[in-house]
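Chain residues, written in single-letter form:
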Amino acid sequence: MAVPKKNHSNQRTNQRRANWKGKLVEISNCNNCGAAKRPHHVCGECGFYNGRKFKDTDSE
Ligand SMILES: [Zn+2]
């Protein structure tokens, strides 16, 4: 493994890592029932996605 000629100081490393942020969880609303759902995911409430039903929710 190559050895850096000049190592970063701890302060420099910490300053770089201070900018790491978790991504916010994006939320959109279902077109069918309006419940909050994640984009590109089948709605957990009614099982609809893109105008089609993918999951049986009323058969239980
Ligand atoms: Zn829905």
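Residues numbered from 1 in each chain as written. Predicted model: local features only at pLDDT ≥ 70, side-chain atom pairs only at ≥ 80, totals over all residues. Heavy atoms only, no water.

*Asks:* Give me the overall build of the protein chain: which residues, what numbers.
*Replies:* Of regular secondary structure, the protein chain possesses one helix and four strands. In the protein chain, the succession of α and β elements from N to C terminus is α-β-β-β-β. Radius of gyration (C-alpha) of the protein chain: 23 Å, far over the 10 Å computed for a compact globule of 60 residues. Counting only C-alpha atoms and orienting by the principal axes, one finds that the protein chain spans roughly 65 × 25 × 20 Å. Looking at the protein chain residue by residue over its 60 residues, the buried ones come to 12%. Sequence-distant contacts in the protein chain: of pairs separated by 6 or more residues, those separated by 24 or more amount to 0%. Computed over 12 positive and 5 negative side-chain charges, the separation of the two mean positions in the protein chain equals 28 Å. (Helix = DSSP H or I, 4+ residues; strand = E, 2+ residues; numbered from the N terminus. Rg over C-alpha atoms; globule rule 2.2 N^0.38 Å. Buried < 20%, exposed > 50% of the residue type's maximum accessible area, 1.4 Å probe, protein only. Contact = heavy atoms within 4.5 Å. Lys, Arg positive; Asp, Glu negative; His and termini not counted. Charge placed at Lys NZ, Arg CZ, Asp CG, Glu CD.)

*Asks:* Any chance you could break down the coordination of the zinc ion for me, citing the residues and the numbers?
*Replies:* At this site the zinc ion is bound by Cys30 (SG), Cys33 (SG), Cys43 (SG) and Cys46 (SG), with donor distances of 2.2 to 2.3 Å. Because the angles between the four donor atoms bound to the zinc ion fall within 107 to 114°, the donor set is best described as tetrahedral. Read from N- to C-terminus, the donor residues coordinating the zinc ion fall into the pattern C-x2-C-x9-C-x2-C. Highlighted residues: cysteine 30 in the loop between strand 1 (28-29) and strand 2 (36-37) and cysteine 43 in the loop between strand 2 and strand 3 (48-49), separated in sequence by 13 residues. Relative accessible area serves as the criterion here: at 7%, cysteine 30 is assigned to the buried category. Look at cysteine 43 and you get buried, because its relative accessible area is 0%. (Donors = N, O, S within 2.8 Å, 3.2 Å for Na, K, Ca; no water. Tetrahedral: all angles 85-135°; square planar, octahedral: opposite > 155°, others 65-115°.)

Function-wise, these values are silent; they only describe arrangement.
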